[in-house]
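Coordinate analysis (summary)
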Amino acid sequence: MSTPGAGVRRVRVRHFEADSEVRKRDVVAVEEPLEIRLEHGPTPARETVALAVTMRTPGHDFELAAGFLKGEGILARRDDLLDITYCLGEEKLEQEYNVVSVRLAPGVSFDPGRLERNFYTTSSCGVCGKATLEAVEVRGCAPLPMREGALDEAVVRGLPAALREEQKLFERTGGIHAAGLFTPAGELAVLREDVGRHNAVDKALGVAFLEPARFRPDPFPGDAVLCVSGRASFEIVQKALASGVATVVAVGAPSSLAVELAARFEMTLVGFARADGFNVYTGIARIRGGAGG
């Protein structure tokens with residue numbers, strides 16, 4: 001069991017270099033399971049279901065849960081959510097910091113079967129790409145508004161360095177992902193880190209869902225930019241789409257399905273972002289300095 005915010009742990013290592021061996025302490029990122037439970041239905045006959053388990057770095061768990069549920073189409077607006085709490089243990093005396101309970105507002109519908117049919121797992125799961133894209137459309141996602149020239153290419157080139165500068169856990173451990181939401185001017189609104197790249201995205205988008213006033217005057221979703229420290233997978237682009245974020249910038253490469261999804265919903269997808277350049281895979285019109293921008 002972890003307490004909130006326990007993101008690192010000290011371990012003993014034996015370091016080898018040339019002909020020498022040194023015993024010392026090192027710092028590693030914590031990885032522990034988080035179970036997300038959902039309470040729904042009319043009062044007093046409310047039901048609780050165990051919705052998902054994810055391996056995450058403890059800390060910002062409520063944001064992770066909110067971002068995950070927003071991305072899965074369960075939460076549409078802030079009023080859909082009553083509260084998020086840690087569950088009480090069996091003795092009802094202490095919090096279970098690896099179990100989060102999310103209470104939906106009365107009247108918010110929830111179909112467990114629909115969620116099971118629309119879950120997207122790892123890239124090795126063998127799910128048909130065409131069926132997966134259609135599932136996103138069925139859930140009500142529509143192409144995002146295209147505001148040409150909303151983002152200067154110089155801002156795009158500066159995002160990876162701005163993200164890296166604020167990666168405090170990565171600085172200590174060297175083994176953690178980051179996701180940041182930036183304004184069109186390149187100002188960092190929020191950054192979250194996690195051993196899971198998808199969890200980092202959920203945490204960042206969860207802040208925007210839970211604290212919308214923090215993102216006014218209206219850089220979110222609007223022309224906000226999601227920047228991730230690794231590659232851009234289908235899941236990451238899908239989460240941005242569900243939150244209305246039209247631009248995703250990745251330090252690494254995008255997957256083929258991520259490109260297809262971004263193109264279908266008129267998003268801007270950037271990969272291999274560096275200070276000296278980047279690749280634009282879809283939606284170049286949003287970038288000033290690009291053809292058509």
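1. Examining the overall build of the chain
Looking only at helices and strands, one finds 8 helices and 14 strands in the chain. For the chain, the residues scored as buried account for 47% of the 293 residues in total. For the chain, the proportion of contacts with a sequence separation of at least 24, taken over those separated by at least 6, is 54%. Taken as a whole, the chain presents about 14,200 Å² of accessible surface, with 50% of it coming from carbon and sulfur.

2. What to know about the confidence of the model for the chain
Residues at a pLDDT of 70 or more form 80% of the chain, whose mean pLDDT is 83. When mean pLDDT is taken per element in the chain, strand β11 (residues 247–250) scores highest with 97 and helix α2 (residues 112–118) scores lowest with 58. In this model, residues 117–128 is a region of pLDDT below 50 whose contacts with residues beyond four sequence positions or in other chains number 18 contacts.

3. A closer look at the packing of helix α6 (residues 197–210) against helix α7 (residues 234–242)
Across the interface, α6 lies against α7 with an axial gap of 10 Å and an inter-helix angle of 10 degrees. Looking at the two axes, α6 sits roughly parallel to α7. Residue-level inspection shows Arg 197, His 198, Val 201, Asp 202 and Leu 205 of α6 in contact with α7, the latter providing Glu 235, Ile 236, Lys 239 and Ala 240. Split by residue class, the contact of α6 with α7 holds 4 nonpolar, 1 polar and 4 charged.

4. As for the pairing of strand β10 (residues 225–228)
Burial along β10 is two-sided: the residues Val 225 and Cys 227 and Leu 226 and Val 228 are all buried. Note: strand β8 (residues 177–182) against β10, 4 bridges, orientation antiparallel. Bridge pairing links Ala 179 to Val 228 in β10. Here β10 runs beside β11; their pairing, made up of 4 bridges, is parallel. From the neighbouring strand, Cys 227 faces β11, where its bridge partner is Val 249. In this fold, the crossover linking β10 to β11 by way of α7 has right-handed handedness.

5. Quick look at the pattern of salt bridges
Scanning the entire structure with this criterion turns up 10 salt bridges. As a salt-bridge pair, Arg 14 and Glu 21 come within 2.6 Å of each other at their nearest N and O atoms. On the basis of relative accessibility, which here comes to 36%, the residue Glu 21 falls in the partly exposed class. Residue Arg 46 is joined to Glu 39 by a salt bridge in which the shortest nitrogen-to-oxygen separation is 2.7 Å. Of the two residues examined, Arg 46 and Glu 39, each falls in the buried class.

6. Topic: the side chain of Ser 101
Structurally, the position occupied by Ser 101 is in strand β6 (residues 95–104). With sequence-adjacent residues up to four places away left out, Ser 101 is seen in contact with Arg 37, Asp 83, Ile 84, Thr 85 and Cys 87.

7. Some words on the environment of Phe 62
One can find Phe 62 in helix α1 (residues 61–71). The sequence separation of Phe 62 and Asp 83 amounts to 21 residues, and the corresponding C-alpha distance is 9.3 Å.

About the criteria used
Residues numbered from 1 in each chain as written. Predicted model: local features only at pLDDT ≥ 70, side-chain atom pairs only at ≥ 80, totals over all residues. Heavy atoms only, no water. Helix = DSSP H or I, 4+ residues; strand = E, 2+ residues; numbered from the N terminus. Buried < 20%, exposed > 50% of the residue type's maximum accessible area, 1.4 Å probe, protein only. Contact = heavy atoms within 4.5 Å. Areas by Shrake-Rupley, 256 points an atom, 1.4 Å probe, with all protein chains shown as cover. pLDDT = per-residue confidence, 0-100. Axes fitted to C-alpha atoms, helices over the stretch in contact; angles between N-to-C directions. Parallel < 35°, antiparallel > 145°, perpendicular 65-115°, else oblique. Nonpolar A, V, L, I, M, F, W, Y, C, P; charged D, E, K, R; others polar. Pairing = 2+ DSSP bridges. Right-handed = clockwise from strand over helix to strand, strands pointing away. Salt bridge = Lys/Arg side-chain N within 4 Å of Asp/Glu carboxyl O.

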